[in-house]
Amino acid sequence: MAAAKAAVLGQQNAEVPGAQREARPLLTGSEIVCRALEDEGVDTVFGYPGGAVIPLYDALPRAGFHHVLVRFEQWAALAAEGYARATGKPGVCLVTSGPGATNLVTGLADAMLDSIPIVAITGQVIQPLIGRDAFQEVDITGITLPVTKHNYMVNRIEDLAPTFKEAFHIATTGRPGPVLIDIPKTLFLQKHVYSYPETVFRRGYQPTSVPNMRQVRLAAEAIAKARKPLIMAGHGIMLSGATELFREFVEKTGIPVVHTLLGLGTFPESHPLGLGLMGMHGHKQVNDALDECDLLLNIGARFDDRATGQVSGFAPNAFVVHVDIDPAEIGKNVRTDVPVVGDAREVLKLLISEVQGGRHDDWMAWIDSRRNRVLDEALEERPEWPEPYSIIKAIAKATGGEAIVTTDVGQHQMWAAQHFGYDFPNRWITSGGLGTMGFGLPSAIGAKIGRPDLEVWAVIGDGGFQMSCNELATAVQENLDINIAVINNGYLGMVRQWQDLFHAKNYSEVKIGAPSFEKLAEAYGIAGMTVRCDAEIEPAIERARTIRGPVLIDFVIEPEANVWPIVPPGAANSGMLHQQRYEG
Amino acid sequence: MKNRHILSVLVEDHPGVLNRVVSLLRRRSFNIDSITVGHSEQPGVSRMTIVVIGRGEEVEQAGKQLYKLMEVLKVTDVTPLNCVAHELALIKVAAKSQTRSEILQIAQIYNARVVDASPSTLLIEATGPEQQVDGLLSMLKAFGIRELVRTGPVAMMRGSSTVGIKESTRPERELAVAGNGASPHAN
């Protein structure tokens, strides 16, 4: 009744002259938001309603996209991230003002550090109350300034549609990132004609995608001269959709590839030139190769401290070529000899035609000789506990390595990074830069909704799972086939490991109790299993794969299992420690 | 070596742009010595003059980070360029009848003007390079400085060259510091 009355009023107060003559309908601000999302091709919005967005939710049932009701706003942002990482399309989340908006902050920071395109919509209090400490008012554009690529508060109804166009453009181009749009409740209720801009132009935003050819030639010359070249493959290769070009480039030059944490999946680890994880928990031969290489070609990675270790000891003999779309990353952490600013895809296209074909057999043999055979043998052991490595390898084996794997942060994340063997892009979804506990389950929900054709495994620690296990209800409500592997050691394992190794085993506040996860699964109406020995791993995984809907497996592992190898904090990668237990 | 650098920053005149610039420099631990903002010759474009203290590569990084803000159109480190960098200071100095004429003489030496007076004070307006204002202040200190406000410098290149941006659809943008060859386009 009230809505109908407002509509009549809106017609009479048409702001655009001749609107009725041209019969262009007036839309409410809420309808404009929905239309803009539809015009951007959005099929899913992760959200949570509240006071300031009630008018927007009023329009949602008529919108052409699916709304997923999460159980906590933070997980809406992370589900949107999971969706974005699995599909390559921007993720969208929608929450109310005040606490709804502040709960997004961690997710935005996560997307910012990992360069994930997210468009976050927050409701704001009505315009006359802004700045008056109104109920559920926070300055969310102020709060999110450092954790968004850009943000907006929309003040006029006519700016609404253009703001969405610009926000999606900024989120998805250049170095992708989260963009937040704050909309006062007043605007949802006003009316305006809908017109979605075709193009965006911002004077101050002109990302460089095609590199300077002179720099590309310098990079090619360095590659031609190198005897022990190494490629550091970063997330940027995936973000630019360049994995096939990258493979062509690697196979032509014969240069081995090491992966950053987020670079896993850019080049197959099963390929003879794919070496896998570098850095703090990188493979021994990988960090040894970094120490030894005479050319390091970084494509699309930002020399994060967990990847480099102590910078002064990082790749000490290498001539450094750094390809990055963000010029601010060049020379920020590591001295660079040849910077190449551009989109990885554009750079690789040019570089492929500039480089000569090559092989590096001696260098590959040297790298192979540095493998930690002892560790490989250790994997064959079958202790009384389910070995964490074996769990990850069993999931990889059962799914043919084709599953999407999401994780939280900590030991289970590192085991999953080391031992799955990622051969495909956009299947490894982890919180790299921010290291957000609770990431695994909501990102699995987003990933499964984005890629229903792929099997999804959320590998989660017992600590992180207790942060976001409320999202089981979302997974049930959406009836998602998600397999959850809780790697349960009863500890906040990575902190315990640091206390073990670097704080004289002073286990301070890391013993963490938990409910029975099997019974928790039952409470949510989903299948739950508990695995307590190695022999039960594969059958449990196989059973989980046959069950429809969410499934939880609680893998109760050795409480004090550590992640090996590890570079101690502050040390160079060459100072990494290896598994003492199995040292000969 | 840490040095003072004067950055001329052209920005779109949008709400909150000063907040974005200052917040960025703060969170990346760049030390702001002074900052001034005002209109430029182009409608809709403001000009900031930011004095930061840091090593050359740190200041280059600050410039690159500034370019990441949507509103930032051009960043120029004018320190190594031949430029005029002047600030304005208002100084309220204690003045008795015995000291008033001496203060006036000192002001004259520094090309400063007396813009207000009271039985116990003189209000002096000084403009010029920061060192000149520093010099004036050190001379006036003995009389008792009751109140002081300084703007920090604004800077402009001498001769016909400008830091302005051309009104083109794709402005060529560069950060005029000795760098490693990377052009600092925003991304």
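Residues numbered from 1 in each chain as written. Chains lettered and ligands numbered in written order. Predicted model: local features only at pLDDT ≥ 70, side-chain atom pairs only at ≥ 80, totals over all residues. Heavy atoms only, no water.

**Q** An account of the environment of Asn562(A) is needed here, citing residue identities and associated values.
**A** Residues and elements named next belong to chain A. On the secondary structure map, Asn-562 appears in the segment after strand E20 (551-556). Once the C-alpha coordinates of Asn-562 and Pro-388 are considered, the two residues, 174 residues apart in sequence, prove to be 9.6 Å apart. Beyond its immediate stretch of four places on either side in the chain, Asn-562 contacts Tyr-389, Gln-411, Trp-415, Arg-496, Gln-497, Asp-500 and Leu-501. Polar contacts involving the side chain of Asn-562 include one to the side chain of Asp-500, which spans 3.2 Å. (Helix = DSSP H or I, 4+ residues; strand = E, 2+ residues; numbered from the N terminus. Contact = heavy atoms within 4.5 Å. Polar contact = N/O pair within 3.5 Å; in protein donor to acceptor, adjacent residues only side chain to side chain.)

**Q** Talk me through the domain arrangement of chain A; I want residue IDs and the actual numbers.
**A** All names here are of chain A. Here chain A is described as being made up of domain 1 (2-193), domain 2 (213-369) and domain 3 (381-567). Computed from C-alpha coordinates alone, the two centres of domain 1 and domain 3 are separated by 33 Å. At the junction of the two partners, domain 1 supplies 24 residues and domain 3 supplies 27 residues. Per-residue buried area on domain 1 facing domain 3 is highest for Arg-71, Trp-75 and Arg-85; these three make up 33% of the total on that side. (Domains from an automatic or database assignment. Buried area = accessible area lost by both parts, 1.4 Å probe.)

**Q** Could you give an account of a nonpolar patch on the surface, naming the residues involved and the relevant values?
**A** A contiguous nonpolar surface patch, about 270 Å² in accessible area, is contributed by Leu88(B), Leu90(B), Val115(B) and Val149(B). Considering the arrangement of structural elements, one finds Leu90(B) in strand E5 (residues 83-94). (Patch = residues over 30% accessible without salt bridge, like charges linked within 9 Å, V, L, I, M, F, W, Y side chains within 5 Å. Areas by Shrake-Rupley, 256 points an atom, 1.4 Å probe, with all protein chains shown as cover. Salt bridge = Lys/Arg side-chain N within 4 Å of Asp/Glu carboxyl O.)

**Q** Describe the nonpolar core, with residues and values.
**A** Residue and element names in this part refer to chain A. Counting 52 residues, the largest nonpolar core has Phe-246, Phe-249, Leu-296 and Ile-299 as the members making the most contacts within it. Those residues in contact with Phe-246, other than ones at most four positions away along the chain, are Ile-231, Ala-233, Ile-237, Val-257, Thr-266, Phe-267, Ile-299 and Leu-348. In terms of nonpolar packing, the next biggest core, distinct from the first, is built from 50 residues, Ala-79, Leu-180, Leu-441 and Ile-449 among them. (Core = buried A, V, L, I, M, F, W, Y, C linked by side-chain atoms within 4.5 Å. Buried < 20%, exposed > 50% of the residue type's maximum accessible area, 1.4 Å probe, protein only.)

**Q** Let's hear about the side chain of Thr407(A): which residues, and what values?
**A** Residues and elements named next belong to chain A. Relative to the elements of secondary structure, Thr-407 occurs in strand E15 (residues 404-407). Accessibility expressed as a relative area gives 0% for Thr-407, which makes it buried. Not counting the four nearest positions on each side in its chain, Thr-407 is found in contact with His-412, Gln-413, Ala-416, Trp-428, Ile-429, Thr-430, Phe-439, Gly-440 and Val-459.

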